[in-house]
Amino acid sequence: MIEGLLTKVRNQKPLVHHITNIVTVNDCANITLAVGALPVMAHALEEVEDMVKAASSLVLNIGTLTPEQVEAMIKAGKKANDLGIPVVLDPVGAGATPLRTESTWRILNEVKVSVIKGNSAEIGVLAGAGGEIRGVEAVKSNENLLTAAKNMAKDLKSIVVITGATDIVTDGHRVAYVDNGHYLMGTITGTGCMLASVIGGFCGAERDYFKASIAALVVFGVAGELAAKRPEVRGPASFKTCFFDEIFNITEEKIKGGSKYKIA
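Residues numbered from 1 in each chain as written. Predicted model: local features only at pLDDT ≥ 70, side-chain atom pairs only at ≥ 80, totals over all residues. Heavy atoms only, no water.

## Brief notes about the overall build of the protein
When helices and strands are counted, the protein shows 11 helices and 11 strands. In terms of overall size, the protein behaves like a compact globule, its C-alpha atoms giving a radius of gyration of 17 Å where 264 residues would be expected to give roughly 18 Å. Expressed along its principal axes, the backbone C-alpha trace of the protein runs to roughly 45 × 40 × 35 Å. Within the protein, buried positions represent 55% of all 264 residues. Across the protein, the fraction of contacts at a sequence separation of at least 24, relative to all contacts at a separation of at least 6, is 69%. When the accessible surface of the protein is split by element, carbon and sulfur atoms take 52% of a total near 10,900 Å². (Helix = DSSP H or I, 4+ residues; strand = E, 2+ residues; numbered from the N terminus. Rg over C-alpha atoms; globule rule 2.2 N^0.38 Å. Buried < 20%, exposed > 50% of the residue type's maximum accessible area, 1.4 Å probe, protein only. Contact = heavy atoms within 4.5 Å. Areas by Shrake-Rupley, 256 points an atom, 1.4 Å probe, with all protein chains shown as cover.)

## As for the pattern of salt bridges
Evaluation of the coordinates by the stated rule reveals 12 salt bridges. A salt bridge links Arg106 to Glu71; the shortest N-O distance between them is 2.7 Å. Of this pair, Arg106 sits in helix α5 (residues 98-110) while Glu71 sits in helix α4 (residues 67-83); the two residues are 35 residues apart in sequence, bridging distant segments of the chain. Judged by relative accessible area, Glu71 falls into the partly exposed class, the value being 35%. Among the salt bridges present, the one from Arg174 reaches Asp171, with a minimum N-O distance of 2.9 Å. Residue Arg174 is classed as partly exposed on the basis of its relative accessible area, which comes to 33%. For Asp171, a relative accessible area of 16% translates into the label buried. (Salt bridge = Lys/Arg side-chain N within 4 Å of Asp/Glu carboxyl O.)

## Side note on the confidence of the model for the protein
On average, residues of the protein score 94 in pLDDT, and 95% of them reach the 70 mark or higher. Between residues 134-142, whose pLDDT stays under 50, and residues either more than four places distant or in other chains, the model counts 25 contacts. (pLDDT = per-residue confidence, 0-100.)

## Quick look at the nonpolar core
Counting 50 residues, the largest nonpolar core has Phe202, Phe220, Phe239, Phe243 and Ile247 as the members making the most contacts within it. No other element matches helix α9 (residues 209-229), which puts 14 residues into this core. Excluding residues that lie within four positions of it along the chain, Phe243 makes contacts with Ile31, Met185, Phe220, Ala223, Gly224 and Ala227. Membership of the second largest hydrophobic core comes to 36 residues, among which are Leu60, Ile74, Val113 and Leu145. (Core = buried A, V, L, I, M, F, W, Y, C linked by side-chain atoms within 4.5 Å.)

## Side note on helix α8 (residues 191-205)
Compared with an ideal rise of 1.5 Å per residue, which puts 15 residues at 21 Å, α8 spans 21 Å between its outermost C-alpha atoms and is within 8% of the ideal. Most of α8 is tucked away, with 14 of its 15 residues classed as buried. (Expected span 1.5 Å × (residues − 1).)

## Let's talk about the environment of Ala165
Mapped onto the elements, Ala165 comes out in the loop between β8 (159-163) and β9 (167-170). By relative accessible area, Ala165 is classed as exposed at 78%. Put simply, Ala165 and His182 are 17 residues apart on the chain and 8.5 Å apart in space, counted from C-alpha to C-alpha. Ala165 has contacts with Val178 and Asp179, leaving out every residue within four places of it along the chain.

## Description of the packing of aromatic side chains
Tallied over the entire structure, the rule returns 3 aromatic pairs. When the centroid spacing of 5.9 Å and the interplanar angle of 15 degrees are considered together, the rings of Phe239 and Phe243 count as stacked. Taken together, the positions of Phe239 and Phe243, both in helix α10 (residues 236-249) and 4 residues apart, correspond to about one turn of that helix. When its relative accessible area of 0% is taken as the criterion, Phe239 is described as buried. With a relative accessible area of 0%, Phe243 lands in the buried category. Grouped by ring-pair contacts, the aromatic residues Phe220, Phe239, Phe243 and Phe244 constitute a single cluster. Positioned over the ring face of Tyr177 is Lys262, at 5.8 Å from the centre of the ring. (Phe/Tyr/Trp six-rings, centres within 6.5 Å; stacked < 30°, edge-to-face > 60°. Lys NZ or Arg CZ within 6 Å of the ring centre and 35° of its normal.)

Following this line, the structure appears as structure tokens:
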């Protein structure tokens, strides 16, 4: 199902416009380049519409949100909708504070989001299944999460991606389970933000956003597994360097040999 999508990204080199958080902005730019897409980081209210016009996808990340940033996200998102450009939303920490939850829903109510990606607690809170989040990390989710996520996907007409030990992708009808990845990916800041960037890259090249999201998760997870096997890895810092290298050097053959996903 995902065969050839990496090649498609690298041939098309889609421009991914980010309005993202200050903690991980550099990593998001670099991972976008490494996977074969092109990044641009532009959040000024005065230019976001112009930048979206040149982009193939738009990634919105509320990790370090401000009210002004939310206004820019909505303005950019509406322009993306007008132009038929996919919007990826990463609701970092939704449920942790009223500002984050309310801002997420404002974006979802005013912008047609193609893919919403979050951890189990973020999606659980937004989908009405409940969840507990501390800072921006999930600490508890509800066993009814999948049903709630499917209903959310149907209501929003979006793809919902739930990250975890097993990643889940649903369009409200189909469900995909992705078992790629390595625990070291959770030891560095920003892997979730970087994943949203990779999803943005794939969605910029492939208009089946269900398929594009699966491909992004598999590529991201396989790269993490390959990085963890490298002998120079001694901990988070060396792993991060190797992870970027593996994303850059990943091939269709490596993806085919390492992918672990199924569609229910």
